[in-house]
Amino acid sequence: MSQAGYPDDLLYHPEHDWARIEQAGGSDASAPEATLGITWYAQDALGEVVFFEPPPLGTTLTQDEPYAEVESVKAVSDVVAPLSGEIVAVNEALAEDPAPINEDPYGAGWLVKVRLRNPAESESLMDAETYATTLHG
Amino acid sequence: MPTTLRRTSLYDRHVDAGAKLVEFAGWEMPVFYEGPPTPVRQEHTAVRTGVGVFDVSHMGEIETSGPQAFELLQRLISNDLSKVPIGGAQYGLLCREDGGVLDDLFTYRLEHDRWLTVTNAANHAQDLAWWREHAGDLDAQVEDRIEDYAMLAVQGPRARELVQAISDAPLPPRMTAATRRLLGAQMLVCGTGYTGEDGVELLLAPADAPALWDELLRRGAAPAGLAARDTLRLEACYHLYGNDLSTERGPIEAGLGWCCVEDTHFIGSEAVRGVRAAGPRERLVAFAIDGPGIARQGNPIVGGGGVTSGTLSPSLGIGVGLAYVPSGRAAVGTRLQIDVRGKMRPAVVREKPLYRKGP
């Protein structure tokens, strides 16, 4: 597995998900996008991920609600939406080989990209340092 | 973890090898060894293509000896032990009077009147009580030997050559057992395993296990944990007690009629005879998911029955498993719909085993 770590440029949800909010761009500057994934802690707790089925494009995510499942050798775990929005891209490669979720959870192991419905929700998320402290409870 | 968990004599070796330890039937056991990104798949593949070593010292042993040891075992165990020569091994079931399965076990005939039965860890205490309860007036001794044996399973196409290189005499063939010295330590070498590969199981004094473990690893055996053991046995369609076998299920529906010989009058034989004649209501089948997805234990099957074991087959790259289905839908090729947490996954009944080792 990769080295433990929680990058500073991400926001974290208590259910062990991360969000990377992208610069608003393109034609609709008022609706920023975010890339979502699970944290190093989550993939470590799950163990070897053997299956991830990306949800369909256009799926609506509601903050704090599950939107997908990741399945490890032994268990199935819900992936919870850190932010609300609509899926505009999914990491199709993971359907073939989900190993990047373990190997590179903040890079090649990203899960989906969403157009945010309520960017203000990001204020409820934690920064890396705060999230890391919650892991030593 | 609670401090009451038992540890095998290889506990320190597991920690050194990077084991992720979990509670299993009251023992603290390695589920896999950290290091590679996909450790379970690596361990699985090592056993399919090379050689892996499992610490299965949590399994129990019951020794039955004395002039009427045979009579006792023949009454307890579903298979016909008169067919087992000295040095032989046999798989059989322990059943209740109603045919419900209490355990599945291997029995080795050590001497004419001395037998060793290997139990599942979770059932050992109950099996031992069952043994003693039925020993009654028979002239047979029943001894709990769980403290006296560590057990290593060395499995894979290279397992025999690796173990042979440190053995003082030729290894016993498949389904037989013999006493050998390995690295100077005397042990029972058994030509058995539960992975679908060739290999041996070694029963030895716990104090001798660490040196043997070190030498097996030095010679190239990959340490492998319970997770790989589970995917390997499932591809081979071997039953796991607690999943595919229970007191709620009888041998015939579990597909284990081949190891039941009713004419020996074992406990449960009348019930087994009845079900064999009438046909079981449900049967345990192997299945493969047709498309993406993995079915798991407890997932219901549309039209009746349910999955008792399910995983992603590392060898085949698809979701596979064992499931009880109505007998009319048990034929190879039958299409099933499995309800995987609300999502219908199509599956097909497959021939057993799901994976067969190469030539």
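Heads up: the structure comes first, above all this text.
Summary of the structure given here. (Residues numbered from 1 in each chain as written. Chains lettered and ligands numbered in written order. Predicted model: local features only at pLDDT ≥ 70, side-chain atom pairs only at ≥ 80, totals over all residues.)

### Brief notes about the sheet that holds strand β7 (residues 76–80) of chain A
Residue and element names in this part refer to chain A.
And step 1. If you trace the 3 strands from one edge of the open sheet to the other, you get β4-β6-β7, paired in antiparallel fashion. Strands at the two margins of the open sheet, each flanked by one partner only, are β4 (49–52) and β7. Sheet twist, expressed as the mean angle between neighbouring strand axes with direction ignored, is 35 degrees.
And step 2. The pairing of β4 with strand β6 (residues 66–72) spans 3 bridges and is classified as antiparallel. Paired with Phe52 across the two strands is Val70, which belongs to β6. (Pairing = 2+ DSSP bridges. Helix = DSSP H or I, 4+ residues; strand = E, 2+ residues; numbered from the N terminus. Axes fitted to C-alpha atoms, helices over the stretch in contact; angles between N-to-C directions.)

### What to know about helix α2 (residues 39–49) of chain B
Residues and elements named next belong to chain B.
And step 1. α2 sits mainly inside the fold: 8 of its 11 residues count as buried.
And step 2. Turning to α2, its buried residues are Pro39, Val40, Arg41, Glu43, His44, Ala46, Val47 and Arg48.
And step 3. The inward-facing, buried residues of α2 contact β2 (27–33), β3 (52–55), β9 (150–155), β13 (222–223) and α7 (226–235). (Buried ≥ 20, exposed ≤ 12 C-beta atoms within 10 Å, placed from the backbone. Contact = placed C-beta atoms within 7 Å.)

### Concerning the pairing of strand β18 (residues 343–350) of chain B
Within a regular beta strand, the side chains point alternately toward one face of the sheet and then the other, so they alternate between its two faces.
Residues and elements named next belong to chain B.
And step 1. Here 4 bridges tie strand β14 (residues 282–289) to β18, and the two strands are oriented antiparallel to one another. If you follow Ala286 over to β18, its bridge partner there is Arg350.
And step 2. In this sheet, β18 lies alongside strand β17 (residues 335–340) in antiparallel orientation, the contact comprising 6 bridges. Paired with Gln337 across the bridge in β18 is Pro346.

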